[in-house]
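# Summary of structural features
Next come the chains, spelled out residue by residue.
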Amino acid sequence: MEAFNFMQCLGPDMSIKILMCLDDPSDLVRVSSVSTSWRHFVIENGLCKKLCLKMYPELVGVSHVIEANNVIEPAEFELNNSIEWPCLKRDHRIYAFLARGFDSFMRRDCLFEAICASSTDNYPEESIQNTLEPSDSVDNRVSYWSSEGESNPVVPETLLYKLTSNLCVITEIHVQPFQAFFQFGFPIYSAKAVRFRMGHPKYPMDSQDEATSESSGHGFADKFVWTYTSPEFPMVQENCLQKFKLPEPAICIGGILLVELLGRVQRQEMDGLYYICIAHVQVVGRPLSPTFDVEILDSSGKCNLKYYPEAGYCWSPTKSGEACVNNPSRFRMFTASIRGWEQMILNTLLGAGVGVTAGDGAEDAAGAGAGAGADSDSELIA
């Protein structure tokens, strides 16, 4: 008796609508392994790409996907044989691994360097570089960034940073105002609110310009294309690391983060001007390099998504005092091992082989799926 195929009865439009209700990319991989016809349906309709766009609309600017060291062989004779079939399979495989890479452990070391600030009161003592330090005191001296003073408390300030990867999934951004213990009354120079933008430069950034542009004025933000803008978050006038969780995880294409400090609350007694001072900025997210990278094509935001299957995920080194996972418990290690076995099953379905070896830690188990990928016509997804 021939098996019942509900996709043929429902039609392609309804079938796509049903399958797009899936939230886990692993489920979509399992769907494609049910039968040859279902595999063709998932690949031909680009459902993995649609799922990635559903999870992260910022990816709409991706024009093409490129797999490093990939030579597309002639298409094999299958049900829907066409010259585009190898390209469809490649796109399916790359977006499947990309979607899997979104679901992993978060880290706190996504900031790579501080580029510039809209203003700096006393350079270099009060430079934006100080905000990369987790403490407000380094080598027996205070460490913070300070804006220039303004008589109008509405004047905003901005801080510009480069992330560890051109492709990062960001979930939270933490900002700590600075408390001036050396001033009368111990004032805290926080902002009224904060907002975050992510994007990429309109034109290639000159490294020499970066090094000499500590304070580039309030107009430097116009040199970037912002693909994501968060809502405004109110700040409290407290000396603590304030955590701002984004409504949904956001993907940063281009590796640039802008912190907008909106409004001033503290006037300095010495000159009667309003200042904003920040001790530390921290980004919680998931860098997707070196397995994935983006190549910006033009100022409109169009880009190529590059996939390096043999690169694997290598975590960027944590800064001093920024341990991501502190002595994981036995339960945490146990759940990580379960995730590792799930990842091995997923890799087998994707034709990637076993991506976790004995002794791998939690981070390896979480990221191994996106770090491997070998093509084979005899495998389900490859």
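If you're wondering where the values come from, they're calculated on a predicted model, not measured in any experiment. (Residues numbered from 1 in each chain as written. Predicted model: local features only at pLDDT ≥ 70, side-chain atom pairs only at ≥ 80, totals over all residues. Heavy atoms only, no water.)

### A word on the overall build of the protein
Each helix and strand counted, the protein has 9 helices and 17 strands in total. By residue count, 49% of the 382 residues in the protein fall in the buried class. Residue pairs in contact within the protein that sit at least 24 positions apart in sequence constitute 78% of those at least 6 positions apart. Accessible area for the protein stands at about 18,500 Å²; split by element, carbon and sulfur atoms hold 55% of it. (Helix = DSSP H or I, 4+ residues; strand = E, 2+ residues; numbered from the N terminus. Buried < 20%, exposed > 50% of the residue type's maximum accessible area, 1.4 Å probe, protein only. Contact = heavy atoms within 4.5 Å. Areas by Shrake-Rupley, 256 points an atom, 1.4 Å probe, with all protein chains shown as cover.)

### A look at the nonpolar core
In terms of nonpolar packing, the biggest core is built from 34 residues, with Leu59, Leu98, Phe102, Leu167, Phe292 and Leu305 touching the most fellow members. No other element matches helix H6 (residues 85-102), which puts 7 residues into this core. Here Leu98 is in contact with Cys52, Leu59, Leu167, Leu288, Phe292 and Leu305, once residues within four sequence places are set aside. (Core = buried A, V, L, I, M, F, W, Y, C linked by side-chain atoms within 4.5 Å.)

### Details of the environment of Ile296
Counting through the fold element by element, Ile296 comes out in strand S16 (residues 292-296). If near-sequence neighbours (up to four positions away) are discounted, Ile296 is found in contact with His200, Ile253, Lys302 and Cys303.

### Describing the pairing of S16
Across a regular strand the side chains alternate sides, sitting on one face of the sheet and then on the other. In this structure, S16 lies alongside strand S17 (residues 303-307), joined through 5 bridges in antiparallel fashion. Within the sheet, the bridge partner assigned to Glu295 lies in S17 and is Asn304. Remark: 6 residues form the turn of the hairpin made by S16 and S17, two consecutive strands paired antiparallel; Gly301 in that turn has positive phi of roughly 105°. (Pairing = 2+ DSSP bridges.)

### A look at the sheet that holds strand S5 (residues 145-146)
What the 4 strands build is an open sheet, ordered S5-S15-S7-S11; its pairing is antiparallel. Strands with a single pairing partner mark the edges of an open sheet, and in this sheet they are S5 and strand S11 (242-253). With 8 bridges connecting them, strand S7 (residues 167-177) and S11 associate as antiparallel partners. The residue bridging Cys168 from the neighbouring strand is Cys252, located in S11.

### Thoughts on the packing of aromatic side chains
Tallied over the entire structure, the rule returns 11 aromatic pairs. Between the aromatic rings of Phe178 and Phe182, the centroid separation amounts to 6.2 Å while the plane-to-plane angle is 40°, which identifies the pairing as tilted. With centroids separated by 5.6 Å and ring planes inclined at 45°, the aromatic side chains of Phe233 and Phe244 adopt a geometry described as tilted. Placement of the pair is Phe233 in strand S10 (residues 233-234) and Phe244 in strand S11, with a sequence separation of 11 residues. Aromatic rings pair up to connect Phe97, Phe292 and Tyr307 into one cluster. (Phe/Tyr/Trp six-rings, centres within 6.5 Å; stacked < 30°, edge-to-face > 60°.)

### Considerations on the confidence of the model for the protein
Chain-level pLDDT for the protein is 77 on average; 72% of the residues reach the 70-or-more range. Per-residue pLDDT stays below 50 along residues 71-80; that stretch engages in 20 contacts with residues further than four places along the chain or on separate chains. Across residues 352-382, confidence stays below pLDDT 50; counting only partners more than four residues off in sequence or on other chains, it has 81 contacts. (pLDDT = per-residue confidence, 0-100.)

### Describing the packing of helix H5 (residues 47-55) against H6
Two elements in contact, H5 and H6, have axes whose closest approach is 8 Å; the angle formed by their N-to-C orientations is 35°. Pair H5 / H6 crosses with left-handed handedness. Contacts between H5 and H6 pair Cys48, Lys49, Cys52 and Met55 from the former with His92, Tyr95, Ala96, Leu98, Ala99 and Phe102 from the latter. Taken together, the residues of the contact of H5 with H6 break down into 8 nonpolar, 1 polar and 1 charged. (Axes fitted to C-alpha atoms, helices over the stretch in contact; angles between N-to-C directions. Left-handed = near helix turned anticlockwise from the far one by under 90°. Nonpolar A, V, L, I, M, F, W, Y, C, P; charged D, E, K, R; others polar.)

### What to know about H6
Look at H6: 26 Å from first C-alpha to last across 18 residues, which is about the 26 Å you get at 1.5 Å a residue. Counting buried residues in H6 gives 15 out of 18 residues, a clear majority hidden from the surface. (Expected span 1.5 Å × (residues − 1).)

### Some thoughts on unusual backbone geometry
Between Tyr123 and the following residue, Pro124, the backbone shows a cis peptide bond with an omega angle of 5°. The residue Pro124 is located in the loop between strand S2 (111-117) and strand S3 (137-138) in this model. For the bond running from Ser289 to Pro290, omega is 5°, close enough to zero to count as cis. Inspection of the secondary structure puts Pro290 in the loop between strand S15 (277-287) and S16.

### Some details on a nonpolar patch on the surface
On the surface, Leu10, Met14 and Ile18 cluster together into a nonpolar patch covering about 250 Å² of accessible area. With respect to the element layout, Met14 can be found in helix H2 (residues 12-19). You can call Met14 partly exposed: its relative accessible area is 40%. (Patch = residues over 30% accessible without salt bridge, like charges linked within 9 Å, V, L, I, M, F, W, Y side chains within 5 Å. Salt bridge = Lys/Arg side-chain N within 4 Å of Asp/Glu carboxyl O.)

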